[in-house]
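# Observations on the three-dimensional arrangement
If you want the building blocks of each chain, they are given just below.
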Amino acid sequence: MSAIAACPGCVVAPAIAQTAPQSGPPDLVLSLPAIHCATCINTVERSLRALPQVRSARVNLSLKRVSIHASDLDAEQAVATLDRAGIEAHPLDQSLLESRQDDIGRGLLIRLAIAGFAMMNVMLFSVAIWSGASDATRALFHLISAVITLPAVLFCGQPFFANGMRAVRRGGLNMDVPISLAILLAAGMSLYEVLNGGHHAYFDAALSLTFFLLVGRYLDHRTRSSVHSAAKELAALEVQTAQRVHGTDVERVAVGLLRVGDTVLVPTGMRVPVDGVLNSAAAQADRSFLTGESAAVALTLGDVVQAGEINLGAPFEMAATAVGEDTTLRRVAALVEMAENSRNSYTNLADRAARIYAPMVHLLALAAFVGWVAYDGDLRHALNVAVAVLIITCPCALGLAVPAVATTAIARLFDMGFLVKSGTALERLAEVDMAVFDKTGTLTRQGKPAPLAELSVQQSAIAGALAQASAHPVAQAILAALPVHTPAVLADVTEVAGQGMQGDIDGVTVRLGRGEWLGAAFSGTGLRIGNAPAVPLAVTETPREGAADTLAWLSAQGIKPQILSGDRQATVQAFAAKLGVQSARGDISAPQKHDRLAQLQAQGHRVLMVGDGLNDTAALALAHASVAPSSALDASRNAADVVVLREGLDQFPLLIVIARALTRLSRQNFAIAAGYNAIAIPVALLGYATPLLAAIAMSASSLTVLANAMRVKYVK
């Protein structure tokens, strides 16, 4: 499918759709990843409106989507129409893009708009009163302000009232309790003044407090939802229908009806509906949705294909191996959600501080009220001071700042090809002082074994059967290099960690793995059938892109790299010398890797483990922090804190840089919050802050730490 946008000489500009508004949700939503200007939008909308089924088509440039209202329009037909116009398009599942998170954001935005509108109107009356309006005029303006403020506060303050009430019902306190009290006291005290002919009212303070708090709450929601959006966008790429093959017949079915083992036909330009293995001789796929790599990936018979990939070549058939919640798309989305909901020690510290702080706020406000009543006997002034203390000492900055840093960092890393699975992973990555790397499959790309064409038919069949049972890069390289064959039927196929694969055929033991394990004179990879001499299967190794630069950068940062590999010592030493690594050990078994990491950590080192194989799993779980490539075994990916989705290691330093930035910005935010309170609390207690000034100061502190948290987006 062409990805060339038909918009030469275009200038980025906002687009205004010319179609009449349509009611109800769209019938079809397409993703348009290549559009970027008004000409693109006109091309998309004009092409779609030319179809007789289409009633309207409206493009959203910021989301890069087109929403179509149509009757009986097939997604493939719409995609093909745009393809002919030079626009890349893919179907999206709109139901997966709309969630309760969107409802929360819309609700906050509506309340924010109402609070802002009401605040501006009440401010006009307040300015008139401050300018000298008195007697009947002042009373009228106060009454009008009350009519505007009370319903606005009751509606717009619901997020705070509801959260505060839930905490009180559980017998606890949270930051929304003092906020709710401050809003209600400011509005209630002002109403009391109006009904009793008083000269002072603080309706503007109640509305300003509500407005600024909603600004902070909405920004926090937007920050938190950034990671959710990545997960939802991935899930939305799922195809809703698929072509299932039965013999010579092809039927279109819902993806939910596919089962493991079904044969699926994937047309040119369409996304793969489920995970599986390629049944066709060759194919080309675009998997940039997950890895960020724009180059097409060449596939051969037996290669793995994943849900969400785009078929860039001829139509191909695949056998489904994972459907529904088990597909790569769903697993990645679930892991992103898990990381967003996880909590690091800074978040827990902020929560503990907020829990302790909330009762202190109430006690301070009560003490201020009693103290001022005892000092000057003015109940109104004492109540104003108490309200100001409640507002100005609210621990919002503590509650907003740390989650904002964490979720922004996780979202940025996901965009750069890193899937962070643990809420404490980045904090621990910032602390590492040593990095231990596996070699094969971690620092190397899968190589090509040679001369496999000289194997007999039986040897090829047995080697293929053993290789396809393993996810090890060497096994996969051997499988790809074998001539087309029918794998042998083996029994009791097992993987021996760090050694290779073995099984039985007609009572004969067959092995594929290290030469030493096979009892051969050579030390590379080989195949042995029964008692026959082992056949060498030499495999070339190429360092992953960016591996040498990453290892050099780690050394420069004081993170000493070393290589621990199950490969033979001479091979490991030669490879390490090529990458400039001083410390490298070969012939290391899985228990020895685990013991080596335990030894390093007992010496006080905080070790980062990077590995992909079965023999790395125990070390990954033991390490202070751990990373695995996306090609790793499921067990290794599950044990790791972070999964690298891209092939190269050129972006690996960014993982450490952002982890350190997260720790640094979290500490800065604590300092900002502490400094604000050190100044604001005495000012409020001494009566120098009105409720309005307190609301502005408190909101300014929250927005300051949020702005500081956003700096993680620009760390390099």
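The residue numbers shown here count from 1 along each chain, following its written sequence. Where local features are concerned, this predicted model is filtered to residues with pLDDT of at least 70; where side-chain atom pairs are given and counted, the filter is 80 or more; whole-chain, interface and lining totals use all residues. Side-chain measures were taken over the full set of non-hydrogen atoms in the model, leaving aside hydrogen atoms and water.

## Structural notes on the overall build of the protein
The secondary structure listing takes helices from DSSP runs of H or I that are at least 4 residues long and strands from runs of E that are at least 2 residues long, numbered from the N terminus. Secondary structure assignment for the protein yields 24 helices and 27 strands. Each residue's exposure class comes from its accessible area (1.4 Å probe, protein chains only) as a fraction of the maximum for that residue type: buried when under 20%, exposed when over 50%, partly exposed otherwise. Expressed as a percentage of its 716 residues, the buried residues of the protein come to 52%. For the protein, contacts bridging at least 24 residues in sequence account for 68% of all contacts bridging at least 6. The contact definition used throughout considers only heavy atoms, calling two residues in contact when any of these lie within 4.5 Å.

## Considerations on the packing of helix α5 (residues 135-156) against helix α7 (residues 176-195)
Each packed pair of helices is defined by two parameters, the angle between the axes and the distance between the axes. At a closest axis distance of 10 Å, the pairing of α5 and α7 adopts a crossing angle of 155 degrees. One finds that α5 runs roughly antiparallel with respect to α7. Judged by the sense of rotation from one axis to the other, the crossing of α5 with α7 is left-handed. Between α5 and α7, the contacting residues are His142, Leu143, Leu150 and Val153 on the first element and Ile183, Ala187, Leu191 and Val194 on the second. Note on method: axes are straight lines fitted to C-alpha atoms, helices fitted across the in-contact stretch only, with angles between N-to-C directions ranging 0 to 180 degrees. By definition in this entry, angles of less than 35 degrees are roughly parallel, angles greater than 145 are roughly antiparallel, angles of 65 to 115 are roughly perpendicular, and the rest are oblique. Note: crossing handedness is left-handed where the near helix turns anticlockwise from the far helix by less than a right angle, and right-handed where it turns clockwise.

## Thoughts on the pattern of salt bridges
When a carboxyl oxygen of Asp or Glu is within 4 Å of a side-chain nitrogen of Lys or Arg, the pair counts as a salt bridge. What the rule picks out here adds up to 10 salt bridges. Arg252 is the salt-bridge partner of Glu76, the closest N and O atoms lying 2.9 Å from each other. Placement of the pair is Glu76 in helix α2 (residues 75-84) and Arg252 in strand β6 (residues 249-254), with a sequence separation of 176 residues. We classify Arg252 as partly exposed; its relative accessible area is 41%.

## Some remarks on the sheet that holds strand β18 (residues 500-505)
If DSSP finds at least two bridges between two strands, the strands pair. The 5 strands are arranged β17-β18-β19-β20-β21 in an open sheet whose pairing can be described as antiparallel. The open sheet terminates on both sides in strands that have one partner only, identified here as β17 (491-496) and β21 (535-536). Where β18 and strand β19 (residues 508-514) come together, 6 bridges link them in antiparallel fashion. Residue pairing across strands places Gln502 opposite Arg511, the latter belonging to β19.

## Quick notes on the environment of Leu30
Within the secondary structure, Leu30 is located in strand β1 (residues 28-31). Between the C-alpha atoms of Leu30 and Leu92, which are 62 residues apart in sequence, the distance is 5.3 Å.

## What to know about the side chain of Ser47
Locating Ser47 in the fold gives a position in helix α1 (residues 38-49). Its relative accessible area of 15% is what places Ser47 among the buried residues. Filtering out sequence-adjacent residues up to four positions away, Ser47 remains in contact with Thr81, Leu82 and Ala85.

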